[in-house]
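Chain by chain, the residues run as shown.
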Amino acid sequence: MPVNRITQLSFVNAYLVEEDDGLTLVDTLLPRGHKRILAAAATLGAPIVRIALTHAHGDHIGSLDKLAAALPGAEVLISGRDARLLRKDKTMDPGEPQSKLKGGYPGAETAPTATFTAGDRVGSLQVHAAPGHTPGQVAFLDPRDGTLYCADSYSTLGGMATTAKPYLGFPLVGSATWHGPTALESARALRALDPARLAPGHGKVVEAPGAAMDRAIARGA
Ligand SMILES: [Zn+2]
C-alpha cells in the first residue's frame, strides 16, 4: 500500500488510507488544512468515508469542522477519552496521572459519530492505545502492510524521537506531552508491534524503523 501523507507548513501530517469502500483520513491538520486534504482525496479518486483522529490536539483536529461540513456522510471517530477533550472537557479520570494537560485543545463543534478503544478496527486499521502524549491518544496499525500511524508517540522531524520529553531536534511535540512516563511506555508498546514503516504526526515516513525506535526509546528513558 502506498502511504499517502499530506503535510501542512512542512511539519504537520495527515494521512489518507485506501480501503475498499473509500478513504480513511487519519487526522485533519491545522485550521485551513481541509482544502489540501480534499484535493489529495480527489487525486486518489476516492471519497473520504471516515475521519479517524489520533488525539485531540489542535494540529490534529484543526480542520475537522470544515471537513465534516464538506463530507456529511463521513464517520468521525476518536477514542472515548480524547472525545472529552474534543469537547473541551479537561476533567481528569480518577485512575490516571493527575498531570497538567499541555498543548492546545481548541475543541471542535463536530461531535464524533462513534468512539473507539484499543482492539477495535477502523476500516482495515487496528486501534492501539498510545496514551501519554494525551490521555487518550491512539495509534493505527495497518496489518495489510505493517504501516504504523503512530500519531505523536514518535516524531521523525529532526530525527526519530519519542515524545516522552522535549527532544532537541523538534521540541514542540514533546513539550505538549501530558505524562512522559506513560508516553515512554506507549512508545515501547508500539515498538513491540514491530512495524514495517512508521508514519508519524510530525516528520517524514520512515521505512524499517525498528532500530531507530530502539535508540529513541533508549534516549527517552
Ligand atoms: Zn499532539
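Cut-offs applied
Residues numbered from 1 in each chain as written. Predicted model: local features only at pLDDT ≥ 70, side-chain atom pairs only at ≥ 80, totals over all residues. Heavy atoms only, no water. Helix = DSSP H or I, 4+ residues; strand = E, 2+ residues; numbered from the N terminus. Buried < 20%, exposed > 50% of the residue type's maximum accessible area, 1.4 Å probe, protein only. Polar contact = N/O pair within 3.5 Å; in protein donor to acceptor, adjacent residues only side chain to side chain. Contact = heavy atoms within 4.5 Å. Pairing = 2+ DSSP bridges. Donors = N, O, S within 2.8 Å, 3.2 Å for Na, K, Ca; no water. Tetrahedral: all angles 85-135°; square planar, octahedral: opposite > 155°, others 65-115°. Arc of directions from axis to C-beta. 1 Å grid on protein atoms, 1.4 Å probe; cavity = no way out; pocket = protein on both sides within 12 Å on 5 of 7 lines; lining within 4 Å. Points joined across faces, edges and corners; volume = space filled by probe spheres on them. Nonpolar A, V, L, I, M, F, W, Y, C, P; charged D, E, K, R; others polar. Axes fitted to C-alpha atoms, helices over the stretch in contact; angles between N-to-C directions.

Participant: How should I be thinking about the side chain of Ser 153 in this particular structure?
Facilitator: Tracing the sequence through the fold places Ser 153 in the loop between β10 (147–151) and β11 (154–155). In this structure Ser 153 comes out as buried when scored by relative accessible area, which is 3%. Of note is the side chain of Ser 153, whose polar atom sits 2.6 Å from the backbone oxygen of Cys 150. The residues contacting Ser 153, other than those within four sequence positions of it, are Gln 137, Ala 161, Thr 162, Thr 163 and Leu 190.

Participant: Got a minute to help me understand the sheet that holds strand β13 (residues 197–200) in this structure?
Facilitator: Sheets are built from strands paired through backbone hydrogen bonds, the pairs being either parallel or antiparallel. Read from one edge to the other, the open sheet built from 6 strands follows the order β7-β8-β9-β10-β13-β14, with strand pairing classed as mixed. The outermost strands of the open sheet, each flanked by one partner alone, are β7 (121–122) and β14 (206–207). Note that β13 and β14 share 2 bridges and pair antiparallel. The partner of Arg 197 across the bridge, within β14, is Glu 207.

Participant: I'm lost on the coordination of the zinc ion in this one. Help?
Facilitator: Octahedral metals with six donors have ideal donor angles of 90 or 180 degrees. Tetrahedral metals with four donors have an ideal donor angle of 109.5 degrees. For the zinc ion, every protein donor is listed as His 55 (NE2), His 57 (ND1), His 133 (NE2) and Asp 152 (OD), and the spread of their distances is 2.2 to 2.4 Å. Around the zinc ion, the 4 donor atoms sit at angles spanning 84 to 171 degrees, and that spread fits a shape best called irregular. Read N to C, the donor residues that coordinate the zinc ion are spaced as H-x1-H-x75-H-x18-D. Residue His 57 is located in the loop between β4 (48–52) and α2 (58–61), and its partner His 133 is located in the loop between β8 (125–129) and β9 (138–142); the two are separated by 76 residues in the primary sequence. Each member of the pair, His 57 together with His 133, is buried.

Participant: Even after reading the chapter, I still don't get helix α7 (residues 210–220), so can you show me in this structure?
Facilitator: An α-helical turn contains 3.6 residues, so a residue and the one three or four places further along point in the same direction. When we look at burial in α7, the residues that qualify are Gly 210, Ala 212, Met 213, Ala 216, Ile 217 and Gly 220. Within α7, the buried residues cover an arc of 160 degrees as seen down the axis, which keeps them to one side. Seen from the open side of α7, the exposed residues pointing more than 90 degrees away from its buried face are Arg 215 and Ala 218. Looking at the packing, one finds that the buried side of α7 touches β11, β12 (161–162), α6 (180–191) and β13.

Participant: Just to check I follow, could you spell out empty space enclosed by the protein for this structure?
Facilitator: Empty space left among the atoms is revealed by rolling a probe the size of a water molecule over them. Under the definition given, this model contains 3 cavities of 30 Å³ or more. A volume near 50 Å³ is recorded for the largest cavity. Breaking the lining of the largest cavity down by element, the ones donating at least two residues are β2 (12–19), β10 and β13. In the lining of the largest cavity, the residues fall into 8 nonpolar, 3 polar and 1 charged. In this structure, the second largest cavity occupies an estimated 40 Å³ of space. Lining the second largest cavity, in full, are Met 1, Pro 2, Asn 4, Leu 16, Val 17, Glu 18, Asp 142, Asp 145 and Tyr 149. Among the elements that make up the lining of the second largest cavity, the one with the highest residue count is β2 (3 residues). Looking at the lining of the second largest cavity residue by residue, the classes come out as 5 nonpolar, 1 polar and 3 charged.

Participant: Hey, could you run me through the layout of surface pockets in this one?
Facilitator: What the largest pocket holds in volume is close to 170 Å³. Lining the largest pocket are 14 residues, with Asp 59, Leu 172, Val 173, Ala 176 and His 202 sitting closest to its centre. Of all the elements in the fold, those that place two or more residues in the lining of the largest pocket are α2 and α5 (171–175). Counted by class, the lining of the largest pocket contains 6 nonpolar, 6 polar and 2 charged residues.

Participant: Quick question: what am I supposed to make of the sheet that holds strand β5 (residues 75–79) here?
Facilitator: Strand order in the open sheet formed by 6 strands is β1-β2-β3-β4-β5-β6, with mixed pairing between adjacent strands. Of all strands in the sheet, those bounded by a partner on one side alone are β1 (4–8) and β6 (114–116). Here the average twist between neighbouring strands, direction ignored, is 25 degrees. Strand direction decides the pairing type here: β1 and β2, joined by 5 bridges, are antiparallel. For Gln 8, the partnering residue across the bridge sits in β2 and is Val 12.

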